[in-house]
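Below are the chains, spelled out letter by letter.
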Amino acid sequence: MAGAAGAQAAAFTVGSGGGAYHGTIDLACDDLEVNGPLDAAGATFTGVGRVRIGAAGSIAAAGARIEVGAGWHNAAGPSGFTGASSTVALVGRCSIGNATDITGSTTFDTLSAAQAGQTLHLAAGSEQQVTGTLTLGNVTLWGQGGAAFLTLLPGGVQQIGAVSVSGVDASRGQRLAPTGQNGPGGGNAPGWFALAPAPGAVPVPSLGAWSLLLLSALTGLLGWRRKYLCIHP
């Protein structure tokens, strides 16, 4: 494999010694296993079953694109994946039952799950941060076994369709889908959708221009009457 050291194509595996790959490869639903530093700047990985980043692994993915179906598992934490202008696309191909499992905490530039009918299972306690663009198109997001976090950082852009969310907390970053509402089957979703009115709050009707003019006239008349009565008791 040109430009690769310690990497093999079948199940694309990078050992503890690390490796480099800058081309385009279709893994045909096999896994991308990374147990050392992988320099993948500008690379394109399609047909990935699962991305597995070990505790000592890392992917430097500036300008890269990774299309993954069944799962994204990052045991190295935020340092396990870096890359300006990179895209991780969660796609239906190679998924199991159209579902993608996400474990560990990762910071993405662009994260996309745009295929209608997908379900994203986010592990409890994990946090997926997005610095660039977050795209979600008619998908379901579930926190598995407790709250998971999905954070769009300040300056990031969101492109979100009709989503159903339960157990996924967005309150650490921008409010997500602020003009939308939770879809069927949705549940606890802090930091998502329009703010609900406070319990017991009564909406105050707004006044039109004529109403304001009339109120002003009545206020003036009341003031004049009080002044008149003071002068002419």
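This text goes with the structure placed above it.
Below is a short write-up of the structure. All values derive from a computational prediction rather than experimental measurement.

1. Thoughts on unusual backbone geometry
In this model, Ser85 sits at a positive phi of 60°, which is unusual for a non-glycine residue. The residue Ser85 is located in the loop between β9 (81–82) and β10 (87–90) in this model. Of note, the phi angle at Cys94 is positive, near 75°, even though the residue is not glycine. Residue placement: Cys94 occurs in the loop between β10 and β11 (99–103). The class for Cys94 is buried, based on a relative accessible area of 15%.

2. Some thoughts on the side chain of Glu127
Here Glu127 shows up in strand β14 (residues 127–136). A residue is classified by how much of its surface remains accessible, and Glu127, at 15% relative accessible area, is buried.

3. Some thoughts on the sheet that holds β9
Spatial ordering of the open sheet is given by β3-β5-β7-β9, a layout of 4 strands whose pairing is parallel. The sheet terminates laterally at β3 (19–20) and β9, the two strands that pair on one side only. Judged from the 2 bridges that link them, β3 and strand β5 (residues 37–39) form a sheet pairing that is parallel. Residue pairing in the sheet places Gly19 in a bridge with Leu38 of β5.

4. Topic: the nonpolar core
Judged by nonpolar contacts, the single largest core of 47 residues is most densely connected at Phe45, Ile59, Leu136, Leu141 and Trp192. Put simply, the parts of the chain that give this core at least two residues each are β4 (24–34), β6 (44–53), β8 (65–74), β10, β12 (106–113), β13 (119–123), β14 and β16 (148–152). With sequence-adjacent residues up to four places away left out, Phe45 is seen in contact with Phe12, Tyr21, Ile25, Leu32, Ala40, Arg65, Ile66 and Glu67.

5. As for the side chain of Ser126
With respect to the helices and strands, Ser126 occurs in the loop between β13 and β14. Given a relative accessible area of 3%, Ser126 falls into the buried group. The contacts of Ser126, once residues within four sequence positions are left out, are Ile102, Gly104, Ser105, Ala148 and Phe149.

The rules behind each value
- Residues numbered from 1 in each chain as written.
- Predicted model: local features only at pLDDT ≥ 70, side-chain atom pairs only at ≥ 80, totals over all residues.
- Heavy atoms only, no water.
- Helix = DSSP H or I, 4+ residues; strand = E, 2+ residues; numbered from the N terminus.
- Buried < 20%, exposed > 50% of the residue type's maximum accessible area, 1.4 Å probe, protein only.
- Pairing = 2+ DSSP bridges.
- Core = buried A, V, L, I, M, F, W, Y, C linked by side-chain atoms within 4.5 Å.
- Contact = heavy atoms within 4.5 Å.

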